[in-house]
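Each chain is listed here by its residues.
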Amino acid sequence: MSRSRRSAAPEPTVRGRGRDRHGRGIRSSATGPFLPPLRTRIDLFDTTIASTIEYLRGVWPEELGKSVFEVASGPPSVIAGVGVERWMVTPETNRVVFYRLPIQRLSRLHENDEMHQRMMIETCVFRGVAELLGKDPWDLAPDRFRHF
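Residues numbered from 1 in each chain as written. Predicted model: local features only at pLDDT ≥ 70, side-chain atom pairs only at ≥ 80, totals over all residues. Heavy atoms only, no water.

Caption draft 1: Main features of helix α1 (residues 41–59). Helix length check: α1 (19 residues) gives 27 Å between terminal C-alpha atoms against 27 Å at 1.5 Å per residue, within 8%. The set of residues buried in α1 consists of L44, F45, T48, I49, T52, I53 and L56. Along the axis of α1, the buried positions cluster into a sector of 150 degrees, meaning they face one direction only. Exposed residues pointing more than 90 degrees away from the buried face of α1 are listed as E54 and G58. On its buried side, α1 packs onto α2 (61–64), β1 (68–72), β3 (95–99), α3 (100–105), α4 (114–133) and α5 (137–140). (Helix = DSSP H or I, 4+ residues; strand = E, 2+ residues; numbered from the N terminus. Expected span 1.5 Å × (residues − 1). Buried < 20%, exposed > 50% of the residue type's maximum accessible area, 1.4 Å probe, protein only. Arc of directions from axis to C-beta. Contact = heavy atoms within 4.5 Å.)

Caption draft 2: Region of interest: the sheet that holds β1. On the basis of which strands lie adjacent, the open sheet formed by three strands has the order β1-β3-β2 and mixed pairing. Bordering the open sheet on either side are β1 and β2 (87–90), each of which pairs with just one other strand. Adjacent strand axes in the sheet meet at a mean angle of 15 degrees when their direction is disregarded. The pairing of β1 with β3 spans five bridges and is classified as parallel. Residue V68 lies in a different strand from β3, and its bridge partner there is R95. Across the face of the sheet, α1 comes into contact with β1 and β3 while running at roughly 165 degrees to β1. In the packing of α4 onto the sheet, the strands contacted are β1, β2 and β3, and the crossing angle to β2 comes to about 20 degrees. (Pairing = 2+ DSSP bridges. Axes fitted to C-alpha atoms, helices over the stretch in contact; angles between N-to-C directions.)

Caption draft 3: Fine view of α4. Taking 1.5 Å of rise per residue, the 20 residues of α4 would be expected to cover 28 Å, and the 28 Å separating its terminal C-alpha atoms lies within 8% of that figure. G134, located one to two residues past α4, shows a positive phi value of around 75 degrees.

Caption draft 4: Focus on the side chain of T48. Summarising the element assignment, T48 is placed in helix α1. For T48, the side chain forms a polar contact with the main-chain oxygen of L44, separated by 2.7 Å. Aside from chain neighbours lying at most four places away, what touches T48 is R118, I121 and E122. (Polar contact = N/O pair within 3.5 Å; in protein donor to acceptor, adjacent residues only side chain to side chain.)

Caption draft 5: Molecular detail of the layout of surface pockets. Empty space within the second largest pocket amounts to approximately 230 Å³. As for the second largest pocket, its lining consists of R41, L44, I103, Q104, R105, S107, L109, N112, Q117, M120 and I121. When contributions to the lining of the second largest pocket are tallied by element, the ones reaching two or more residues are α1, α3 and α4. Of the residues belonging to the lining of the second largest pocket, the class tally is five nonpolar, four polar and two charged. (1 Å grid on protein atoms, 1.4 Å probe; cavity = no way out; pocket = protein on both sides within 12 Å on 5 of 7 lines; lining within 4 Å. Points joined across faces, edges and corners; volume = space filled by probe spheres on them. Nonpolar A, V, L, I, M, F, W, Y, C, P; charged D, E, K, R; others polar.)

Function-wise, these values are silent; they only describe arrangement.
Have a look at this one:
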């Protein structure tokens, strides 16, 4: 008996579904099931901006009620002689744009930890809002720093 070269083709296997190599179980996520998801610098920046603006809107509800706050990665251009802007204020439209990369990377912190990064971001928010309102940054929340 001769064998035919045309035999039934084996069924293709589906990879990834039920993958259990060597009886060790299916792969889990990188952080594991009981750990919180990883926090990134972008998440820290966005939450710090949002919480600081929420605080300032609570202190100055009439002045900041219709203001628009945005976050962009960087300014469209570099100003000659001045450098890179950390924020841009447009008083005509009550708009402040904070630039994430200059604030995070061009700040010279003596301690590069999460607390000092948050302080730098909050400082930029206070200065940007103060420029929008035409006030001194220390006048925005006088009771906040009374204990220092």
